[in-house]
Amino acid sequence: MNVNEVMAEVERHCAEVLGEHGGRNMAALARRGHLITPISDGGPPTGRCRLGGTALLDPGTHWPEVDGIPLSLLAVLDVDALAPWLGEELHTSPGLLNFFHVQPYLDYEQYDGINPFDDPRAWRVIAAKPERAVETPAPASAFVFDQRPAWADPIITLPGHEESVVGSLDLGPGYEQRNSVVEAYDIHTTWPPGTDGYADGHRAFGWPWPQQGALTGEDEVLLLQLSSDDEFQWGDGGLLYYMITAEALRAGDFSQVRVQQGE
């Protein structure tokens, strides 16, 4: 995908909806990301990207747990394979990222008192060096999702209308009568056109798909969004978001990751 051509389409679309001034400011918020699609036909994955299965960890790395119960591996992102499209927006490439989360639907007494979406012990993101990482199976007592190799399709994303950056957007002359940008908002948030049909699916980086309310805090970046599907279930068909500040991403400090659920 030619990023310049797609960005030109984004800018034209934003200008049609918000006018030249507001459209230019909206288009400036665009971020690059990827749709993450499980491969079912035996085709090659993007690098070592996968959903579920075994982790890819540096030798000697302990499988994360909470109160003695191992977390479940949700995904591995091969960020080096995604980096050429993400460009300078990535800030740095941590190699491989392993995403773990507690499975709150399992009947473990030890999970009592652990909120799977508010307690930082309930999730973990662990980076690994691609040249050193080894296949690391989950402990016997862990809940293991089926392993699915995954393909990453480049996309360009725009923020949902409830994000704070949109609410404070400068629309320029002619929009003073609007109470907020929300009243003027009719923006496709995922490009190229046609990918909006998959907008609530799995994705990496870019802006998160907005299900309910604002999702990103100040200077935050989406690492991974996982939707409910045949393997994953987040509430009633919801989504799970892994977020991190750009500063923590640059520093490779994944202890700063937070998780949010969207219904």
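Higher on the page you've got the structure.
Owing to the predicted nature of the structure, the values given are computational and were not obtained by experimental measurement.

Q: In this structure, what is going on with the overall build of the protein chain? I would like to understand it.
A: The helix and strand tally for the protein chain stands at four helices and 15 strands. Expressed as a percentage of the 263 residues in the protein chain, the buried residues total 49%. Contacts in the protein chain between residues far apart in sequence, at least 24 positions, make up 72% of those at least 6 positions apart. In the structure as shown, the protein chain presents an accessible area of about 12,100 Å², 47% of it carried by carbon and sulfur atoms.

Q: What is the right way to look at the environment of W234 in this model?
A: With respect to the helices and strands, W234 occurs in the loop between β13 (220–227) and β14 (239–245). Judged by its relative accessible area of 1%, W234 is buried. Along the backbone, W234 and G262 are 28 residues apart, and their C-alpha atoms lie at a distance of 8.1 Å. Within the structure, W234 has its side chain in polar contact with the backbone oxygen of L226 (distance 3.3 Å).

Q: So what exactly am I meant to see when it comes to the pattern of salt bridges here?
A: Opposite charge on two side chains allows them to pair when their charged atoms are near. All chains considered together, the criterion is met by seven salt bridges. The shortest N-O distance in the salt bridge between E20 and R24 comes to 3.9 Å. Within this pair, E20 and its partner R24 are both found in helix α1 (residues 3–27), separated by four residues, close to a single helical turn. Residue E20 is classed as exposed on the basis of its relative accessible area, which comes to 64%. Three or more residues joined by partner-sharing salt bridges are found here, namely D67, D119 and R121.

Reading the values: rules and limits
Residues numbered from 1 in each chain as written. Predicted model: local features only at pLDDT ≥ 70, side-chain atom pairs only at ≥ 80, totals over all residues. Heavy atoms only, no water. Helix = DSSP H or I, 4+ residues; strand = E, 2+ residues; numbered from the N terminus. Buried < 20%, exposed > 50% of the residue type's maximum accessible area, 1.4 Å probe, protein only. Contact = heavy atoms within 4.5 Å. Areas by Shrake-Rupley, 256 points an atom, 1.4 Å probe, with all protein chains shown as cover. Polar contact = N/O pair within 3.5 Å; in protein donor to acceptor, adjacent residues only side chain to side chain. Salt bridge = Lys/Arg side-chain N within 4 Å of Asp/Glu carboxyl O.

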